[in-house]
Every structure is written in structure tokens, then in C-alpha cells.
Amino acid sequence: YQRGDLEGAERAYEQALAGRNNDVGKVTIYSNLGTIALTRGDLDRAEALYRKAVAVHETAEGVYNLGVIALQRAARAKEADDAAGARALAGAAWQ
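Residues numbered from 1 in each chain as written. Predicted model: local features only at pLDDT ≥ 70, side-chain atom pairs only at ≥ 80, totals over all residues. Heavy atoms only, no water.

With respect to the packing of helix α1 (residues 6-18) against helix α2 (residues 23-40)
Running from N to C, α1 and α2 point in directions that differ by 155°, and their axes come no closer than 10 Å. What the angle tells us is that α1 and α2 run roughly antiparallel. Read as a crossing pair, α1 and α2 show a hand that is left-handed. Here Leu 6, Glu 7, Ala 9, Glu 10, Tyr 13, Glu 14, Ala 16 and Leu 17 of α1 lie close against α2, whose contacting residues are Ile 29, Tyr 30, Asn 32, Leu 33, Ile 36, Thr 39 and Arg 40. (Axes fitted to C-alpha atoms, helices over the stretch in contact; angles between N-to-C directions. Helix = DSSP H or I, 4+ residues; strand = E, 2+ residues; numbered from the N terminus. Parallel < 35°, antiparallel > 145°, perpendicular 65-115°, else oblique. Left-handed = near helix turned anticlockwise from the far one by under 90°. Contact = heavy atoms within 4.5 Å.)

Below, the structure written as C-alpha cells:
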């Protein structure tokens, strides 16, 4: 992933996910897959993967990642000149 090979990293994480993993491993894999999706701008997939990570084990990083998604959605809404939608998406973080 750090070398910029998103496809290769994604394949490796998907293969790792298919194997036997403890909760820490699952959280790490889901989070990394979410970060790849976020890097690609796929907020829906990123959110779904971050939610899976948080469902396995809620961490500060997982909650933060979901907050990043909310702020990204708000920024997109703002760019689309939808101020009310942006405030609704970002909630208190908007203010």
C-alpha cells in the first residue's frame, strides 16, 4: 500500500481476511481495506469496511475513521453547494 500498489495491497488484505484471524487481525485488515477505499474516494465502501472493523472491536482509530468519512461527505456536500446537507452529514463537527 505504501508503495502505491493499491490493487496488490487490496488483494493481499482480501486473501488475509479469508484466512484465520483473531479480532485484532480482522480489525487491522478491515481498517486497511477501508483506507484503500478512502484513498480511491469510495466513501461508501470505506465506511462499510470501517464499520466492520468497529463491529469486531471498537477502537479510537475506528471511530476516528468513521468521523473522517462523515467530514468527507460534508465536504462533498459543501462543494455541491448543499450547505444544509453538509451540516446534516457532519453534525456537530461542522460547527
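Observations concerning the pattern of salt bridges
Going through the model one piece at a time under the given rule, you end up with 7 salt bridges. A salt bridge links Glu 10 to Arg 40, with the shortest nitrogen-to-oxygen separation between them at 2.9 Å. Of this pair, Glu 10 sits in helix α1 while Arg 40 is found in helix α2, placing the two residues 30 residues apart along the sequence. Given a relative accessible area of 18%, Glu 10 falls into the buried group. Classification of Arg 40 as partly exposed rests on a relative accessible area of 37%. The salt bridge involving Arg 51 is made with Glu 47; its shortest N-O contact spans 3.0 Å. (Salt bridge = Lys/Arg side-chain N within 4 Å of Asp/Glu carboxyl O. Buried < 20%, exposed > 50% of the residue type's maximum accessible area, 1.4 Å probe, protein only.)

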